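Spelled out from the first residue to the last, the chains are:
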Amino acid sequence: MKICIFGAGAIGGYMGAKLAEAGAEVSLVARGPHLKAMQEKGLTLIEEGETKTFKVNASDDAAALGQQDYVIVTLKAHSVPPVVGRMQPLIGPDTTIVSGVNGVPWWYFHKIGGPLEGTRLASVDPGDAQWDGFGPDRVLGCVVYPAAEVIEPGVVKHIEGNRFSLGEPDGSKSDRAVRLSEALGKAGLKAPVRPRLRDEIWVKLWGNLSFNPISALTHATLDVLCTDPGTRAVARNMMLEAQEIAEKLGVKFPIDVDRRIDGGAAVGAHRTSMLQDLDAGRPMEIDALLGSVQELGRVTETPTPTIDTVLALVTLRARVAGLYGA
Ligand SMILES: NC(=O)C1=CN([C@@H]2O[C@H](COP(=O)(O)OP(=O)(O)OC[C@H]3O[C@@H](n4cnc5c(N)ncnc54)[C@H](OP(=O)(O)O)[C@@H]3O)[C@@H](O)[C@H]2O)C=CC1
Ligand SMILES: CC(C)(CO)C(=O)C(=O)O
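Residues numbered from 1 in each chain as written. Chains lettered and ligands numbered in written order. Predicted model: local features only at pLDDT ≥ 70, side-chain atom pairs only at ≥ 80, totals over all residues. Heavy atoms only, no water.

Put simply, the rule is: UniProt positions are given in the numbering used here, feature names are shortened, and annotations may be inferred rather than shown by experiment.
In the nomenclature of an unreviewed UniProt entry, the chain corresponds to 2-dehydropantoate 2-reductase from the organism Roseicyclus persicicus. Quoted verbatim from the Pathway (unreviewed entry) field of UniProt, the annotation for the chain is "Cofactor biosynthesis; (R)-pantothenate biosynthesis; (R)-pantoate from 3-methyl-2-oxobutanoate: step 2/2."

As structure tokens, this is what we get:
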């Protein structure tokens, strides 16, 4: 089984190292100094105090890697549309594309049924680049739970978690989902095949939608922003607006907003990925985490006043830092 991880940074590097350790036929697409380090010295994973280095097949040339059984996309959301063309040599008639990207996925309305079937989302798939370039039938959804960081080129530090929930857009337990689940399981990762992946997408998104921009605007860590009464109320209102949208789309939340916020606080003094991106001068995942929910608010005719306000503020913050749009 040939697996290619496209965008093998923190999350893709973690998954790639685990698959390489298990002897899977895995290749990694990356770029810049991180790629060079992996090619010259191997990929180092620091996990639970242990440091291991693996020889990996890393490249920036999809054509050299050829057609794959699975292409697992672990790029930041905004990096995917521009590389759909470059990914084509990896895609054959039976290739499955696994979308391991935070936020509302571009395939969200594929096989959902009902009046919104086939709706496309401009905020996460401008110009329908992924819908047209991959085709939604290839897609297997994935919710990424682990936390990891590239701490220097070629070195990935695993922080916590090992679950990558998988799910077909139509909720079925397909052969392709089960095969990938088994391969990830052999690598020591948890990869359950879920019948209602969209529910998990929203529970994860609740946190990213609210905690991430609030942290980027305030520079507060999760423990602080989830317990400060003012920012907790802002996060809560954003989540309640998102919940109304999601429930109109058929999502069932297994927990309530207060439990989700308490869960965020329990993570501790974590600087969210959006705050890390802002500090490092990297583009922030604003469209996938907030713009997409605002777009779904319009689609479902749900007012989103708090999300609109925070989105406006964090977009301007990013623009002033030269990290968003023109
Ligand atoms: N890190 C985490 O703890 C978590 C991340 N996620 C989600 O997982 C996804 C991936 O995040 P993460 O792993 O942190 O991101 P990273 O930025 O660490 O990894 C993406 C990698 O792809 C590389 N890349 C970007 N564009 C290209 C290209 N055109 N060709 C080749 N390589 C390219 C990047 O290189 P460069 O650095 O040069 O841009 C980087 O090495 C995101 O949606 C994120 O929100 C979800 C849960 C936790
Ligand atoms: C905030 C957190 C931990 C979960 O919502 C996260 O996923 C991030 O930092 O991007």
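Quick word on the packing of helix H9 (residues 229-248) against helix H12 (residues 286-299)
Heads up, the rule is: Orientation is described by lines fitted to C-alpha atoms, with helices fitted over the stretch in contact, and by angles between N-to-C directions that extend from 0 to 180 degrees. Segments assigned H or I by DSSP are reported as helices when at least four residues long, segments assigned E as strands when at least two residues long, and all are numbered from the N terminus. Small angles under 35 degrees read as roughly parallel and large ones over 145 as roughly antiparallel, with 65 to 115 read as roughly perpendicular and the rest as oblique. Crossings are assigned a handedness: left-handed for a near helix turned anticlockwise from the far helix by less than a right angle, right-handed for a clockwise turn. By definition, residues are in contact when any of their heavy atoms lie within 4.5 Å. Amino acid classes used here: Ala, Val, Leu, Ile, Met, Phe, Trp, Tyr, Cys and Pro are nonpolar; Asp, Glu, Lys and Arg are charged; the rest, including Gly, are polar.
At a closest axis distance of 9 Å, the pairing of H9 and H12 adopts a crossing angle of 50°. In terms of orientation, H9 lies oblique with respect to H12. Considering the relative orientation of H9 and H12, their crossing is left-handed. Across the interface between the two elements, Met238, Ala242 and Ile245 of H9 pack against Leu290, Val293, Leu296 and Gly297 of H12. Taken together, the residues of the contact of H9 with H12 break down into six nonpolar, one polar and no charged.

Points about the site of ligand 2
This is how it is decided: A single heavy atom is enough: if one lies within 4 Å of a molecule or strand, its residue is considered near that molecule or strand. In protein, a polar contact means a hydrogen-donor-capable atom and an acceptor-capable atom, both N or O and within 3.5 Å, with residues adjacent in sequence counting only if both atoms are side-chain atoms; elsewhere, any N or O pair within 3.5 Å suffices.
As a structural note, the neighbourhood of ligand 2 is formed by Lys204, Gly207, Asn208, Phe211, Asn212, Leu222, Arg260, His270, Thr272 and Ser273. In the model, an oxygen atom of ligand 2 is placed 2.9 Å from a nitrogen or oxygen of the asparagine 208 side chain. Interatomic distance of 3.1 Å between a side-chain N/O atom of asparagine 212 and an oxygen atom of ligand 2. The element best represented in the shell around ligand 2 is helix H7 (residues 197-218), accounting for five residues. Residue classes in the shell around ligand 2 are distributed as two nonpolar, six polar and two charged.

Let's talk about the sheet that holds strand E8 (residues 139-144)
The pairing of strands in a sheet comes from backbone hydrogen bonds and takes either a parallel or an antiparallel form. Rule in force here: In this scheme, strands are said to pair when DSSP sees at least two bridges between them.
Read across the sheet, seven strands follow the order E5-E2-E1-E6-E7-E8-E11 without closing on themselves; strand pairing throughout is mixed. With one partner strand each, in any of the chains shown, strand E5 (57-59) and strand E11 (164-167) form the two edges of the open sheet. Adjacent strand axes in the sheet meet at a mean angle of 25° when their direction is disregarded. Relative to E5, helix H2 (residues 32-41) is tilted by about 150°, and along the sheet it contacts strand E2 (25-29) and E5.

Brief notes about the site of ligand 1
Neighbouring ligand 1 are 20 residues, the closest being Ile11, Arg31, Asn102, Ala148 and Glu285. Here an oxygen atom of ligand 1 sits 2.8 Å away from a polar atom, N or O, in the main chain of isoleucine 11. Counting residues per element, the ones that place at least two in the shell around ligand 1 are helix H1 (10-21) and strand E9 (147-152). Of the residues assigned to the shell around ligand 1, the class counts are 10 nonpolar, five polar and five charged.

Describing the pairing of E8
Counted only if it meets this: Summary of the burial criterion: residues with accessible area below 20% of their type's maximum are buried, those above 50% are exposed, and those between are partly exposed, where the area comes from a 1.4 Å probe applied to protein chains only.
Counting buried positions along E8 yields six of six residues, so the element is predominantly enclosed. The two faces of E8 match: Val139, Gly141 and Val143 on one face and Leu140, Cys142 and Val144 on the other face are all buried. Pairing analysis gives three bridges linking strand E7 (residues 96-99) to E8, with the strands arranged parallel. Counted as the bridge partner of isoleucine 97 is valine 139 from E8. Bridge count between E8 and E11: four bridges; the pairing is antiparallel. Its bridge partner being in E11, cysteine 142 is matched across the sheet by leucine 166.

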